[in-house]
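# Examining the three-dimensional arrangement
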Amino acid sequence: MKLFRNLLSTAVIGCTTSAYAADLEVTHWWTSGGEAAAVSEFAKAFNENTQHNWVDGAIAGSGGTARPIIISRIIGGEPMGATQLNHGRQAEELVEAGLMLDLTDIAEAEGWRDLVNPVRLLDACTLDGRIYCVPVNIHSPQWLWLSHDAFAKAGVDVPADWFEFVAAAPALEAAGIVPLAMGQQSWQTNLAFGAIMVAVGGTDLYLDILTNKNADAASSAEMTKVFEAFDQARKLSVGSNVNDWNQATNLVITGKAGGQIHGDWAQGEFQVAEQVAGEDYTCLPGLGVNDIIATGGDAFYFPLNEDDEVTAAQKELASLLISKEVQVAFNLKKGSLPIRGDVDLEAANDCMKKGLKILADGNVLPDGVNSFSADTQNQLDTLMTEFWNDQSITVADIQGQYTKIIATAD
Ligand code: GAL
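All values derive from a computational prediction rather than experimental measurement.

### Overview of the packing of aromatic side chains
One pass over the full model with this rule turns up 18 aromatic pairs. Between Phe42 and Phe330, the ring centres sit 4.0 Å apart and the planes meet at 15 degrees, which makes this aromatic pair stacked. Of this pair, Phe42 sits in helix α2 (residues 33-49) while Phe330 sits in helix α17 (residues 324-334), and the two are 288 residues apart along the sequence. For Phe42, a relative accessible area of 1% puts it in the buried group. Summarising the aromatic geometry, the rings of Phe270 and Tyr281 are spaced 4.0 Å apart at their centres and angled 20 degrees between planes, so their arrangement reads as stacked. Linking Phe270 in helix α15 (residues 267-272) with Tyr281 in strand β10 (residues 281-285), this pair joins segments that are 11 residues apart in sequence. For Tyr281, a relative accessible area of 0% corresponds to the buried category.

Following this line, the structure appears as structure tokens:
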């Protein structure tokens, strides 16, 4: 078939310029309103700037649902044309197995190493000096999102930080408003725990535990304050009877909840709802306590493909994803920061400007912070979820169990 197609395309080239177009299946888990609006910018750019066709392979559910599906398809010999994964080591075994397209030629020709900021996002794509992914955004989990309507209804000012938020909670409850929106999936409560730990415990404590696995730090009085704040958070979420993260965000958008501790991808939902940062909602990086961001987010990978036209389409898409125009169009809708510092974000809103300033000031959590094994991470995730859902578990209980896990963490 391939030979026929090549002959056909050769014959066709004789009288036209376009070779045969490839259908490129692209998998991702961006299915909320804001995420869909953002990924459509990628699709539009690809369809308008190449002769190829974006076949959308959206996978419903969070990354925890989509990643195993994506990875098993590639290992199982049914590769997609391109896929989203997170920054980091999620594709490491696929790359080591030689299943992923080497993008080094494009990266060097286009100077990616000089463009990508922070460059360690490109390091996460690099194995043995070869580049296998294109970073597309920077997301940070440590934000507090606040509804102006909810606080107006409660007759209190919009809080400037986590502590003011907790102090305002009784007024919200008196007005029939759930103080803190939270979806009922463990990754969301664990995200909130990490954000509270950085905000209330501080960066040094956060790193001492997550990187150094220091059990004394885990049992310290400073960490008791973190668990007390996490205890307040779970109490303030009673009544937040939603499952998905974007349903929790919608409680804030509609003023049914006062706030949500969540990543800046929540911002895409506010934008789809045509709400304006600083007017309809407020965003507090580091929960307004510790102006810091992490450089999480997403990168695109391209499984090896036997069809030369598909490979050509993959390379054209990789170039588009890192281009200035596409970086601006996508990140403004995604609520994330661009991965290159030379773009003109005149349309950046209040929240993106806050994130860009923190990034420019270098107040960034180092990468590779969370060096726990999957087993240790699972123990921690389970512990946090049990605490969140069982109010009979005390702060002393969870801190004792947490310290034991850290003491044996690998
Ligand atoms: C993250 C991803 C974000 C956002 C979030 C919720 O893993 O980096 O882009 O989509 O999941 O779905």
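### Details of the pattern of salt bridges
Enumeration over the complete set of coordinates arrives at 12 salt bridges. For Arg340, the salt bridge is made with Asp342, and the minimal N-O distance between the two is 2.7 Å. With a relative accessible area of 33%, Asp342 lands in the partly exposed category. Here the salt bridges share partners, and the residues they tie into one network are Glu41, Lys44 and Lys333.

### Concerning unusual backbone geometry
Residues other than glycine predominantly adopt negative phi, and peptide bonds predominantly adopt the trans conformation. In this chain, Asn117 is followed by Pro118 through a cis amide linkage whose omega measures 0 degrees. With respect to the helices and strands, Pro118 occurs in the loop between α6 (112-115) and α7 (120-123). For Glu274, which is not glycine, the phi torsion reads 55 degrees and is therefore positive. Looking at where Glu274 falls in the secondary structure, it is placed in the loop between α15 and β10. By relative accessible area, Glu274 is classed as exposed at 69%.

### Remarks on the environment of Ala91
The residue Ala91 is located in the loop between β3 (82-86) and α4 (92-96) in this model. In the structure, Ala91 is positioned 41 residues away from Tyr132 in sequence and 9.2 Å away in space, judged by C-alpha atoms. Apart from residues lying up to four places away in sequence, Ala91 is in contact with Leu85 and Tyr301.

### Regarding the domain arrangement of the protein
When the parts of a complex come together, some accessible area is lost, and that lost area is often taken as the interface size. Annotation of the protein at the domain level lists domain 1 (2-139 + 296-364) and domain 2 (143-294 + 367-407). With centres defined by C-alpha atoms, the gap from domain 1 to domain 2 works out at 30 Å. With 26 residues of domain 1 in contact, the opposing surface of domain 2 contributes 24 residues. Roughly 1,900 Å² of surface becomes buried between domain 1 and domain 2 when both sides are summed, with 58% attributable to carbon and sulfur atoms. Looking only at domain 1, the three residues that lose the most surface to domain 2 are His139, Cys351 and Ile358, adding up to 25% of its buried area. At the junction of domain 1 and domain 2, the tally comes to zero salt bridges. Applying the counting criterion to the domain 1 and domain 2 interface returns nine residue pairs in polar contact (both at pLDDT 80 or more). At the level of secondary structure, the elements contributing two or more residues to the side of domain 1 that touches domain 2 comprise α2, α17 and α18 (350-360). Top element by residues in the side of domain 1 that touches domain 2 is α18. It accounts for seven residues. Here the residues of the side of domain 1 that touches domain 2 sort into nine nonpolar, 11 polar and six charged.

### What about the sheet that holds strand β6 (residues 133-135)?
Pairing in this open sheet of five strands is mixed, and the strands run β2-β1-β3-β12-β6 from one edge to the other. Whereas interior strands pair on both sides, the edge strands pair on one side only; in this sheet they are β2 (53-58) and β6. Pairs of neighbouring strands in the sheet enclose a mean axial angle of 25 degrees, with direction left out of account. By the bridge criterion, six bridges tie strand β1 (residues 23-28) to β2 in an arrangement that is parallel. Opposite His28, over in β2, you have Ala58 as the bridge partner. Sheet contacts for helix α16 (residues 308-321): β1, β2, β3, β6 and β12 (298-301); angle to β1, the most-contacted strand, approximately 50 degrees.

Calculation criteria
- Residues numbered from 1 in each chain as written.
- Predicted model: local features only at pLDDT ≥ 70, side-chain atom pairs only at ≥ 80, totals over all residues.
- Heavy atoms only, no water.
- Phe/Tyr/Trp six-rings, centres within 6.5 Å; stacked < 30°, edge-to-face > 60°.
- Helix = DSSP H or I, 4+ residues; strand = E, 2+ residues; numbered from the N terminus.
- Buried < 20%, exposed > 50% of the residue type's maximum accessible area, 1.4 Å probe, protein only.
- Salt bridge = Lys/Arg side-chain N within 4 Å of Asp/Glu carboxyl O.
- Contact = heavy atoms within 4.5 Å.
- Domains from an automatic or database assignment.
- Buried area = accessible area lost by both parts, 1.4 Å probe.
- Polar contact = N/O pair within 3.5 Å; in protein donor to acceptor, adjacent residues only side chain to side chain.
- Nonpolar A, V, L, I, M, F, W, Y, C, P; charged D, E, K, R; others polar.
- Pairing = 2+ DSSP bridges.
- Axes fitted to C-alpha atoms, helices over the stretch in contact; angles between N-to-C directions.

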